[in-house]
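This is what each chain is made of:
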There are 2 protein chains.
Amino acid sequence: MITELVAVGTEILLGNIVNTNSAYLAEKCAQLGLSLYYQTVVGDNEQRMKDTIKTALDRSDVVILTGGLGPTKDDLTKEITAEVMGLPLVEDAHSRELLDAYLKQYEKNDAQRRITSNNYKQAMVPQGALVLDNHNGTAPGLIIEKNGKTAILLPGPPNELKPMFEEEVFPYLRKKQPEIIYSQMVKICSIGESQVAEEIQDLIEQQSNPTIAPYAKTGEVHLRVTAKAESEKECKKLIKPVVRELKSRFGKNIFATEEKKTLEEAVVDMLKDQKLTLSLAESCTGGAIASRIVNVPGASEVFLQGMVTYSNRAKRKSLGVKKSTLKMHGAVSEKCAKEMAKGGCFVTKTDICLSVTGIAGPDGGTKEKPVGTVFMGCCYNGKTVVREYHFTGNRAKIREQSTAHALAFLRECIMEGVSKKD
Amino acid sequence: MITELVAVGTEILLGNIVNTNSAYLAEKCAQLGLSLYYQTVVGDNEQRMKDTIKTALDRSDVVILTGGLGPTKDDLTKEITAEVMGLPLVEDAHSRELLDAYLKQYEKNDAQRRITSNNYKQAMVPQGALVLDNHNGTAPGLIIEKNGKTAILLPGPPNELKPMFEEEVFPYLRKKQPEIIYSQMVKICSIGESQVAEEIQDLIEQQSNPTIAPYAKTGEVHLRVTAKAESEKECKKLIKPVVRELKSRFGKNIFATEEKKTLEEAVVDMLKDQKLTLSLAESCTGGAIASRIVNVPGASEVFLQGMVTYSNRAKRKSLGVKKSTLKMHGAVSEKCAKEMAKGGCFVTKTDICLSVTGIAGPDGGTKEKPVGTVFMGCCYNGKTVVREYHFTGNRAKIREQSTAHALAFLRECIMEGVSKKD
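In the annotation of an unreviewed UniProt entry, the entry for chain A reads Putative competence-damage inducible protein, and the organism field reads Blautia caecimuris. Of chain A, the UniProt comment under Sequence similarities (unreviewed entry) reads exactly: "Belongs to the CinA family."

Enquirer: Looking at this model, I keep getting lost on the overall build of chain A. Mind explaining?
Expert: A tally of regular secondary structure across chain A gives 15 helices and 17 strands. Taking 22 Å as the expected radius of gyration for a compact globule of 422 residues, we find that chain A reaches 28 Å, considerably beyond that expectation. If you line up chain A on its principal axes, its C-alpha atoms span 85 × 60 × 45 Å. Within chain A, counting contacts between residues at least 6 apart in sequence, those at least 24 apart form 68% of the total. Accessible surface, chain A as shown: approximately 18,100 Å² in total, 49% of it carbon and sulfur. Placing the 57 positive and 53 negative side-chain charges of chain A at their respective mean positions leaves the two points 9 Å apart.

Enquirer: Explanation requested: the interface of chain A and chain B in the structure shown.
Expert: By a frequent convention, interface size equals the accessible area lost on bringing the separate parts together. Every contact between the two is made by 82 residues of chain A and, on the other side, 79 residues of chain B. Surface buried jointly by chain A and chain B totals about 6,400 Å² across both partners, of which 50% is contributed by carbon and sulfur atoms. Counting across the chain A and chain B interface gives one salt bridge. Here glutamate 11 of chain B makes a salt bridge to lysine 217 of chain A, at a shortest N to O gap of 3.6 Å. Here chain A and chain B share 25 residue pairs in polar contact (both at pLDDT 80 or more) between them.

Enquirer: I tried to follow the packing of aromatic side chains on my own but got confused; where do I start?
Expert: For any two aromatic rings, the description comes down to two numbers: the centre-to-centre distance and the angle of the planes. For the structure on display, the rule yields eight aromatic pairs over all chains. With a centroid separation of 6.1 Å and 80° between ring planes, the pair formed by tyrosine 24 of chain A and phenylalanine 165 of chain A is classed as edge-to-face. Within this pair, whereas tyrosine 24 of chain A is found in helix 2 (residues 20–32), its partner phenylalanine 165 of chain A is found in helix 6 (residues 158–176), the two being separated by 141 residues in sequence. Overall, tyrosine 24 of chain A belongs to the buried group, its relative accessible area being 13%. For the ring pair tyrosine 389 of chain A and phenylalanine 391 of chain A, a centre distance of 5.5 Å and an interplane angle of 15° mean the geometry is stacked. Here tyrosine 389 of chain A matches phenylalanine 391 of chain A in class, with each residue buried. These aromatic residues form a ring-pair network of at least three members: Tyr24, Phe165 and Phe170 of chain A. The side chain of arginine 48 of chain A reaches across the aromatic face of tyrosine 37 of chain B, ending 3.3 Å from its centre. Sitting above the plane of the tyrosine 38 of chain A ring, arginine 59 of chain A keeps its charged end 3.6 Å from the centroid.

Enquirer: Mind showing me how you'd approach the pattern of salt bridges here?
Expert: Inspection of the entire model under this criterion finds 36 salt bridges over all chains. Its salt-bridge partner being aspartate 269 of chain A, residue lysine 261 of chain A comes within 2.8 Å of it at the nearest N-O pair. For lysine 261 of chain A, a relative accessible area of 16% puts it in the buried group. Close ionic contact of lysine 176 of chain B with glutamate 145 of chain B constitutes a salt bridge, the shortest N to O distance being 3.3 Å. Here lysine 176 of chain B is found in helix 6 (residues 158–176), whereas its partner glutamate 145 of chain B is found in strand 7 (residues 141–146), with 31 residues between them in sequence. Within this structure, Glu27, Lys217, Arg224 and Glu259 of chain B form a network of salt bridges that share partners.

Enquirer: Whenever I open this one, the sheet that holds strand 9 (residues 180–189) of chain B confuses me. Can you help?
Expert: Strand pairing in a sheet is mediated by backbone hydrogen bonds. Such pairs are either parallel or antiparallel. Residues and elements named next belong to chain B. If you trace the four strands from one edge of the open sheet to the other, you get 10-11-9-12, paired in antiparallel fashion. Since the sheet does not close on itself, it has two edges, and those belong to strand 10 (211–217) and strand 12 (254–256), each with one partner. Each strand of the sheet is rotated relative to its neighbour by a mean of 35°, with strand direction disregarded. In the sheet, strand 10 pairs with strand 11 (residues 220–229) via seven bridges, with the strands oriented antiparallel. From the neighbouring strand, proline 214 faces strand 11, where its bridge partner is leucine 223.

Enquirer: Please explain unusual backbone geometry as it appears in this structure.
Expert: Of all residues except glycine, most have a negative phi; of all peptide bonds, most are trans. All names here are of chain A. Following asparagine 209, the chain continues into proline 210 via a peptide bond in cis, with omega recorded as 5°. You can see proline 210 is positioned in the loop between helix 8 (201–206) and strand 10 (211–217). Cis geometry is adopted by the peptide bond preceding proline 362, which originates at glycine 361 and carries an omega value of 0°. Following the sequence through the fold, proline 362 ends up in the loop between strand 15 (352–358) and strand 16 (373–380). Positive phi, normally seen in glycine, also occurs at lysine 275, with a value near 50°. Note on placement: lysine 275 falls in the loop between helix 10 (263–273) and strand 13 (278–282). With relative accessibility at 64%, the residue lysine 275 sits in the exposed group. Of note in this structure, lysine 349 is not a glycine but carries a positive phi near 60°.

Enquirer: Explanation requested: the confidence of the model for chain A in the structure shown.
Expert: As a general rule, the predicted coordinates of low-pLDDT regions are not to be interpreted in detail. On average, chain A scores 90 in pLDDT, and the residues at 70 or more come to 95%. Note on residues 418–422 of chain A: pLDDT under 50 across the span, and 13 contacts to partners over four residues away in sequence or across chains.

Enquirer: Sorry, what's going on with a positive patch on the surface here?
Expert: Taken together, the side chains of Arg313, Lys317, Lys323 and Lys327 of chain A together with Lys349 of chain B define a basic patch exposed on the protein surface. Turning to its location among the elements, arginine 313 of chain A is positioned in helix 12 (residues 312–319).

Thresholds, definitions, all that
- Residues numbered from 1 in each chain as written.
- Chains lettered and ligands numbered in written order.
- Predicted model: local features only at pLDDT ≥ 70, side-chain atom pairs only at ≥ 80, totals over all residues.
- Heavy atoms only, no water.
- UniProt positions renumbered as here; feature names shortened; annotations may be inferred.
- Helix = DSSP H or I, 4+ residues; strand = E, 2+ residues; numbered from the N terminus.
- Rg over C-alpha atoms; globule rule 2.2 N^0.38 Å.
- Contact = heavy atoms within 4.5 Å.
- Areas by Shrake-Rupley, 256 points an atom, 1.4 Å probe, with all protein chains shown as cover.
- Lys, Arg positive; Asp, Glu negative; His and termini not counted.
- Charge placed at Lys NZ, Arg CZ, Asp CG, Glu CD.
- Buried area = accessible area lost by both parts, 1.4 Å probe.
- Salt bridge = Lys/Arg side-chain N within 4 Å of Asp/Glu carboxyl O.
- Polar contact = N/O pair within 3.5 Å; in protein donor to acceptor, adjacent residues only side chain to side chain.
- Phe/Tyr/Trp six-rings, centres within 6.5 Å; stacked < 30°, edge-to-face > 60°.
- Buried < 20%, exposed > 50% of the residue type's maximum accessible area, 1.4 Å probe, protein only.
- Lys NZ or Arg CZ within 6 Å of the ring centre and 35° of its normal.
- Pairing = 2+ DSSP bridges.
- Axes fitted to C-alpha atoms, helices over the stretch in contact; angles between N-to-C directions.
- pLDDT = per-residue confidence, 0-100.
- Patch = residues over 30% accessible without salt bridge, like charges linked within 9 Å, V, L, I, M, F, W, Y side chains within 5 Å.

Structure below.
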């Protein structure tokens with residue numbers, strides 16, 4: 001079933017707000033096995049909306065429209081869709097009732113707000129349409145079917161759209177869809193995008209069902225393996241040998257096979273499994289590694305303390321980096337990274353301490369240590385290993401790469417045998 | 001000049017990533033005075049890409065395409081655009097050189113990485129195209145002109161796209177535009193979006209030239225005042241009284257009137273001006289505030305140390321929070337925030353310490369302190385002020401809001417008279 005998304009609204013068109021609805025709906029469509037070919041954004045302009053809706057209904061079976069259902073003059077999605085599909089608008093008694101109840105409640109909460117007559121335009125629906133109650137706002141959603149085409153109209157605010165989609169639209173579409181799509185994610189770190197691409201080129205060339213799609217993230221590559229079949233079980237059967245092959249090719253570099261699992265979650269899970277505690281000593285990343293770790297719910301079990309030792313004084317006082325090290329080798333040096341990691345372990349009494357010190361730019365680079373030079377140290381079990389990296393790009397990019405690679409480095413260190421001291 | 005955005009990539013089409021590029025580019029187009037009518041997303045499918053690019057070039061003067069310029073077989077944007085425009089691909093010597101240098105640098109960093117031949121397809125360009133160097137990745141951008149139509153091809157990763165757009169595409173488009181558009185940004189913090197909207201409703205209703213467009217960011221509202229005229233001088237003259245009016249309405253809540261100035265930059269500038277040093281004691285934000293501060297080049301002058309005291313032990317040991325405070329009031333309490341800020345100042349010997357402690361969820365909420373409860377403390381000049389916040393949303397969203405509001409709170413504290421002790 002070919003599906004298409006149309007977001008209506010000048011705020012999205014002109015970039016005043018980011019179109020998160022389309023990402024949400026697209027993921028749901030993929031989950032439902034709908035073939036999504038296009039997403040379009042169009043402003044609140046009558047002629048261009050008409051053109052867009054016509055084109056969409058011509059080339060797709062299901063068109064999901066979001067936004068433009070509100071009470072204002074600019075809100076035209078319902079009117080134009082009804083016109084394009086050749087259906088008159090009639091008042092829906094149930095919607096009118098709900099609208100009255102909602103608006104009275106609203107008025108009670110805020111004496112300044114009054115019910116305006118244009119609110120009632122929200123109770124008008126195309127003849128024969130299925131009306132979807134809106135429990136979080138005033139504009140009802142609509143499912144309109146005619147001549148084998150379906151238009152689904154949903155309110156723009158995500159907190160109105162999402163529950164309506166999940167409660168009513170998802171089950172409706174599931175019933176319409178005979179085939180199931182199922183996909184499995186394989187997430188890889190510590191190897192570059194083009195190397196991954198080359199190593200799976202033969203698989204991609206042979207692929208039909210399932211397909212493999214690579215996605216490059218900073219410091220990570222995600223491979224999505226997707227199968228189409230009559231049941232989820234059948235899909236899983238198709239996917240299994242492909243995932244097995246990927247596992248044999250990328251081995252330890254695979255940090256997750258779950259859709260939503262992040263690199264930081266993989267690291268936190270490993271620490272939990274091995275009952276290890278972590279501290280961080282960050283200079284150029286400035287708290288960004290800690291921030292990613294803390295984004296994992298329950299990270300507090302293993303992540304005890306982070307230190308952002310941005311000044312030399314802080315490196316000395318908080319981590320015990322030697323004055324002579326800073327003087328002779330500088331703050332961005334193998335020796336300093338080592339002392340930071342060692343000192344971090346000592347001060348925080350954690351099993352592991354990861355340290356990062358580097359030159360993020362734009363200033364501070366030298367011929368020997370250009371901008372992008374970063375040293376990372378990892379102290380565990382009495383040993384400290386240090387690695388040198390060279391990143392490119394602007395300050396933000398260098399910091400982002402340092403953060404991603406630090407997590408991958410930490411993961412490698414844990415895998416290579418961190419164990420509690422006896 | 002009619003403009004259109006086309007984002008290419010199955011990843012965006014299927015909702016694996018949110019299309020933030022389109023929001024960014026749409027805002028830039030508005031700033032340039034280009035008439036943006038459509039945004040489309042299409043997957044990595046040859047036929048549908050061809051149809052989309054043809055339609056876009058038919059109905060618009062300038063088509064900005066993003067994504068699909070990488071080294072993999074799936075990356076087809078350049079090839080298909082060249083085909084639709086009837087131009088052969090030729091190797092660009094300069095791009096080949098840059099690519100070689102970039103890849104060698106990359107290889108040097110990591111002996112595991114090898115240059116793969118498919119990388120070189122990125123040096124092939126449509127004949128006569130203007131090549132835009134990519135300083136943050138391998139795929140160059142392209143500007144292709146033919147028969148009065150312009151196609152602009154940009155890499156998909158935002159950290160490659162944005163600098164390329166700002167350095168090369170923006171000035172290029174500015175030259176093409178006969179009328180001058182000039183805009184001035186007014187950035188506001190410490191007031192909510194709907195309050196800002198209400199306070200400028202009269203201005204927005206009257207507006208014609210200049211216009212005021214509000215953009216809601218996390219913890220900030222940006223108002224872009226845009227004028228169209230024959231010269232920049234004329235534009236500035238039109239904008240001046242409107243900006244003056246906004247300044248009189250929002251006063252101290254305006255933290256910047258420069259396009260690129262961030263809230264953290266405003267804070268770092270204030271600290272530098274007043275020769276004040278800063279430390280941070282973060283719990284639920286987990287280093288995210290430090291990370292934003294460190295993103296300001298030269299922040300090291302004022303930001304001496306950050307502490308991510310995620311565990312109770314770290315709060316006690318590093319900041320001297322009392323055991324009794326944690327026991328009686330809990331780590332998320334006014335008293336704990338106060339002791340964290342005070343302790344931070346004492347330990348780091350900085351003039352100011354900002355502390356944040358809260359419940360980011362998904363667990364840990366109670367009836368008295370639901371998920372989203374956050375306390376922030378600021379200690380300066382011997383005084384400590386604490387503020388309580390209640391945020392909504394998931395863990396990431398609560399942490400993001402906490403970080404943004406912490407910077408705004410810090411700014412308010414500095415403005416209200418932080419001064420060095422004599």
